[in-house]
Amino acid sequence: MANIATTYDDDVLLEEHGYNDHFHDHHHGDKYQSGFISHYIFSMDHKVIARQFLITGIIWAIIGAAMSVVFRLQLGFPEESLAWLKPVLGKWIVVDPTGVGTLAPEFYYALVTMHGTILVFFVLTAGLSGTFSNLLIPLQLGARDMASPFLNMLSYWFFFLAGIVMFYSLFLSTGPFSGGWTAYPPLSALPQASTGSGTGMTLWLVSLTLFVVSVLLGGINYVTTVLNLRTKGMSLWRMPLTIWAFFVTAIIGVLSFPVLASGFFMLMMDRGLGTSFFLSEIFIEGQALDRVGGSPVLYQHLFWFLGHPEVYIIILPAMGLVSEVLAVHARKPIFGYRAMVYSILAIAFLSFIVWAHHMFMSGVNPFISNFFVVFTLIIAVPSAVKVFNWITTLYGGNIRLNTPMLFAIGFVSLFISGGLTGVFLGNSTIDIQMHDTYFVVAHFHIVMGVAAFFGMFAGIYHWYPKMYSRFMNETLGKIHFWGTLIGAYAIFWPMHFIGMAGVPRRYYSFDTFDAFKHFSGMNQFITVAAILVFFVQLVFVINFFYSIWKGKKMTTKNPWDATTLEWTTPIEPIHGNWPGNLPTVHRWAYDYNKDEREFVSQIVPLEEGEVGDH
Amino acid sequence: METIAIEETKKKGINPQKFALWVGMASIIMMFTGWTSAYIVKNAAGNWLEFGLPSMFYASTITIVLSSIVLHLSYIGYKKQREFMYKGLLVLAFILGVSFVVMQYQGWMQLFGMGVDFKANVAGSFTYLITAAHAVHVLGGIAALIVAMIHAFTLKFRYTEKRKNRFELVLQYWHFVDILWIYLLLFMLNTK
């Protein structure tokens, strides 16, 4: 391995070059992890909190995915009896005297709404950046823990509480909120507007307000930790791209979620206190309400001012994870490190000035639309830079095709396919035809739904040893990968065609629309694919939980031969991460195949005459 | 070269708690930006009730500015280790802070008396919403002041770096809600 250079032992390096922060001097006797409750439940250790976020996210993902299977059954097989679901869904399955059960239309809407809310917020925000920001920020920066372990713990428990409230709303006799995950008024503002608009919507608002608190507490912590708790030698330009992605994600979250909160508070006032911020000239059951002067478009502005940055809050951590996994398993430095960082920053900046492209058809001024079209299309530039760099990183690499790598490559594929259709939708003129069709559904599911999941899976398979000191099963992992990749394309590829033919999204049934009837075969195909993909995910879930106790044990500290700091910590995680000194960093995170050395850890000092960094 | 790299990332002495507070302030600013932007948009859209702000809001402005100054003097007192100045002015700042919230309440009563209803026109709704949301943030500051007073009166007076840092957290937040109020007042005066 090292012909010209000296070999180093991590422990010796940490001993000799490490930095003593006197962490272990005063024996607070591991007050964080003394008992069962303080270790596993109200833990303040970032690694435990990361796993709490992950497992909670997995549970929510199963619930959210199961919901999609139910409404896909309705879309694919509207004639078939759903009476067998009655034991689970109860009165929402209406069984007629002949024994044929149908899904109640209002519950169909509730399912779609909950699917969106759960996946966007609980799984792909909390489950993704909550997990990996918590796990990797302190480990890869050489910190003992987060800046404020206490706020970090609160962040998880606010998320948990938000989940409890949302879960409770599923069992209301009037059903959960059913007006779409965007909660546009008037359906969200008037309790009498629909069955789900009453208590269901109230609980939705309470839940998401708690969720905003969770994101803010987490985000404040991540930003502060990255800027203040880096170990010696870890300059910003030596941080792995994962950390850059989490850092920028946290900044976006801290700046955009409060705006959502401001919209939520106004919505609460409209609901409970009789104001008319978002209401004007409404008729319900033939009765005119005395609520005038507001504008529902105002809510849409406030919502999408969060809503668009939110999609980058979802995709940037996935991009960071993928960049790291690709470099490690291609055994090559990431191509264009600085360009990658600048692209992340550019995407983050642009994400704040494109929100109205969600509203081209809701009555905003067409001249304002032009502005948003231009900036939306410009986002393609940093995105393309990233895609180019990922592919170039792979080019000529000594690629290990293991499960994390497959998912990382799958991410790149999905991000390209889904990103291209974004160029269509970003044009306000093409959007006249495309908006509110299945084309939109296909676009965002591929680019920020499935792609983000692939980034998350790449991260889970790659860092699983760091979380549980064991490996996940490779064979099951590969079955999971191929099933999901092929299945996801089978679900969403046909949707583009349905969408281009003008089939609108959100419809319960197409029976009465002659123009859309002849897609029933395609809808059946999509539904079958969705069911198969759902079961393939169960393979992952089984693999995940089985491996916690029975997986192949980790025998070396650095199983992937990676350069970053988390692989210099002991196999069994300890509080404070490093048993003795903190590591000192001497180089950037991507020294793979350098000067005939296969990889060089960040803690290895530069050789005589060696040129450092990038 | 390598040693230079290590030097350049040595801690620059920013307290992480203070930094976290600044990030928190940024997010509070964004929330108020959301409201004031919505205010501008609705205002431009018409159907906007015109009214003057109640006189009590000006009186409360003076109160919160005074309170900010007094708290700063208390901080100087702490740094110069003048125990009486530190404790006395801390209590005074707290009293002024509570008075501010009371005066805001009276301001809302005045506003209501002027015929500006909470729900009749969006203009009124916005005014109540923004001022009340600000008052809630002041209450957060008052809670911090209470903690500071408990520390001041139960712990033995001593100058330590840690306590100075804690005081600075309270002080910076208190200045922040003060400046936020001045901004909101000027905003509401200028966007009619």
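Remember, predicted model here, so these are calculated numbers, not experimental data.

### So, the overall build of chain A
Then, number 1: When helices and strands are counted, chain A shows 18 helices and 8 strands.
Then, number 2: With respect to the three principal axes, the spread of C-alpha positions in chain A is 85 × 55 × 50 Å.
Then, number 3: For chain A, the proportion of its 614 residues judged to be buried stands at 62%.
Then, number 4: Put simply, of all contacts in chain A between residues at least 6 apart along the chain, 78% involve residues at least 24 apart.
Then, number 5: For chain A, the exposed surface amounts to about 22,700 Å²; the carbon and sulfur share of it is 68%.

### Some details on the overall build of chain B
Then, number 1: Within chain B, the regular secondary structure consists of 6 helices and 0 strands.
Then, number 2: When the helices and strands of chain B are placed in sequence order, the string is α-α-α-α-α-α.
Then, number 3: The C-alpha extent of chain B, read off along each of the three principal axes, is 65 × 50 × 20 Å.
Then, number 4: Every one of the 192 residues in chain B was classed for burial, and the buried ones make up 52%.
Then, number 5: A fraction of 83% describes how many contacts in chain B between residues 6 or more apart in sequence connect residues 24 or more apart.
Then, number 6: In the structure as shown, chain B presents an accessible area of about 9,200 Å², 69% of it carried by carbon and sulfur atoms.
Then, number 7: In chain B, 17 side chains carry a positive charge and 9 a negative one; their mean positions are 8 Å apart.

### Thoughts on the interface of chain B and chain A
Then, number 1: Taken together, the contact pairs 29 residues of chain B with 40 residues of chain A.
Then, number 2: Carbon and sulfur atoms make up 74% of the surface buried where chain B meets chain A, a total of about 2,900 Å² over both sides.
Then, number 3: Scanning the region where chain B abuts chain A turns up 0 salt bridges.
Then, number 4: There are 2 residue pairs in polar contact (both at pLDDT 80 or more) connecting chain B and chain A.
Then, number 5: Taken together, the elements giving at least two residues each to the side of chain B that touches chain A come down to α1 (2–8), α2 (16–44) and α5 (122–154) of chain B.
Then, number 6: Ranked by the residues each element gives to the side of chain B that touches chain A, the list is headed by α2(B), at 14 residues.
Then, number 7: Of the residues that constitute the side of chain B that touches chain A, the class distribution is 18 nonpolar, 6 polar and 5 charged.

### Some details on the packing of aromatic side chains
All names here are of chain A.
Then, number 1: Summed over all chains, the structure comprises 90 aromatic pairs over all chains.
Then, number 2: Between Y156 and W157, the ring centres sit 5.0 Å apart and the planes meet at 80 degrees, which makes this aromatic pair edge-to-face. For the pair formed by Y156 and W157, the shared burial category is buried.
Then, number 3: Look at F454 and F481: their rings are 6.0 Å apart centre to centre, the planes differ by 65 degrees, and that puts the pair in the edge-to-face class. Placement of the pair is F454 in helix α15 (residues 438–468) and F481 in helix α16 (residues 474–500), with a sequence separation of 27 residues.
Then, number 4: Overall, F454 belongs to the buried group, its relative accessible area being 0%.
Then, number 5: Take F481: its relative accessible area is 3%, and that puts it in the buried class.
Then, number 6: It is R51 that lies over the ring of Y468; its NZ or CZ is 5.5 Å from the centre.
Then, number 7: In this arrangement the basic side chain of K91 is found over the ring face of W92, its NZ or CZ atom lying 4.7 Å from the centre.

### Remarks on the domain arrangement of chain A
Residue and element names in this part refer to chain A.
Then, number 1: Domain assignment breaks chain A into domain 1 (1–25 + 37–41 + 559–614) and domain 2 (46–231).
Then, number 2: Contact residues are listed per partner, giving 22 residues for domain 1 and 15 residues for domain 2.
Then, number 3: Roughly 1,300 Å² is buried in total at the junction of domain 1 and domain 2, and carbon and sulfur atoms are behind 51% of that figure.
Then, number 4: A per-residue breakdown of the area domain 1 buries against domain 2 is headed by I41, E566 and N577, which together make up 36% of the total.
Then, number 5: Where domain 1 packs against domain 2, one counts 0 salt bridges.
Then, number 6: Seen at the junction of domain 1 and domain 2, the total is 11 residue pairs in polar contact (both at pLDDT 80 or more).
Then, number 7: Across the side of domain 1 that touches domain 2, the residue classes tally to 11 nonpolar, 9 polar and 2 charged.

### Side note on the side chain of S369(A)
Then, number 1: The residue S369(A) is located in helix α11 (residues 366–378) in this model.
Then, number 2: When residues no more than four places from it in sequence are discounted, the contact partners of S369(A) are F360(A), V364(A) and S428(A).

### As for the nonpolar core
Residue and element names in this part refer to chain A.
Then, number 1: Ranked by internal contacts, the top residues of the largest apolar core, which has 264 residues, are W390 and F411.
Then, number 2: The biggest single contributor to this core is helix α9 (residues 296–330), with 22 residues.
Then, number 3: Setting aside residues up to four positions removed in sequence, W390 forms contacts with M319, V322, S323, L326, I334, M340, F411, V412 and F415.

### Some remarks on the confidence of the model for chain A
Then, number 1: Here chain A averages 92 in pLDDT, while 97% of its residues score no lower than 70.
Then, number 2: The low-confidence segment residues 1–5 of chain A, where pLDDT is below 50, has 11 contacts with residues more than four positions distant or belonging to other chains.

### Points about the pattern of salt bridges
Then, number 1: This model, assessed by the stated rule, comprises 15 salt bridges over all chains.
Then, number 2: In this structure, E474(A) engages K478(A) in a salt bridge whose closest nitrogen and oxygen atoms are separated by 3.5 Å. Of this pair, E474(A) and K478(A) both sit in helix α16, separated by 4 residues, roughly a single helical turn.
Then, number 3: On the accessibility criterion, E474(A) (31% relative accessible area) is partly exposed.
Then, number 4: Classification of K478(A) by relative accessible area gives partly exposed; the value is 31%.
Then, number 5: Among the ionic pairs, K87(B) bridges to E83(B), the shortest N-O distance being 2.8 Å. You can see K87(B) and its partner E83(B) sitting in helix α4 (residues 83–113), 4 residues apart, about one turn around the helix.
Then, number 6: Taken together, the shared-partner salt bridges connect R587(A), D591(A), K594(A), R597(A), E607(A) and E610(A) into one network.

Rules used throughout
Residues numbered from 1 in each chain as written. Chains lettered and ligands numbered in written order. Predicted model: local features only at pLDDT ≥ 70, side-chain atom pairs only at ≥ 80, totals over all residues. Heavy atoms only, no water. Helix = DSSP H or I, 4+ residues; strand = E, 2+ residues; numbered from the N terminus. Buried < 20%, exposed > 50% of the residue type's maximum accessible area, 1.4 Å probe, protein only. Contact = heavy atoms within 4.5 Å. Areas by Shrake-Rupley, 256 points an atom, 1.4 Å probe, with all protein chains shown as cover. Lys, Arg positive; Asp, Glu negative; His and termini not counted. Charge placed at Lys NZ, Arg CZ, Asp CG, Glu CD. Buried area = accessible area lost by both parts, 1.4 Å probe. Salt bridge = Lys/Arg side-chain N within 4 Å of Asp/Glu carboxyl O. Polar contact = N/O pair within 3.5 Å; in protein donor to acceptor, adjacent residues only side chain to side chain. Nonpolar A, V, L, I, M, F, W, Y, C, P; charged D, E, K, R; others polar. Phe/Tyr/Trp six-rings, centres within 6.5 Å; stacked < 30°, edge-to-face > 60°. Lys NZ or Arg CZ within 6 Å of the ring centre and 35° of its normal. Domains from an automatic or database assignment. Core = buried A, V, L, I, M, F, W, Y, C linked by side-chain atoms within 4.5 Å. pLDDT = per-residue confidence, 0-100.

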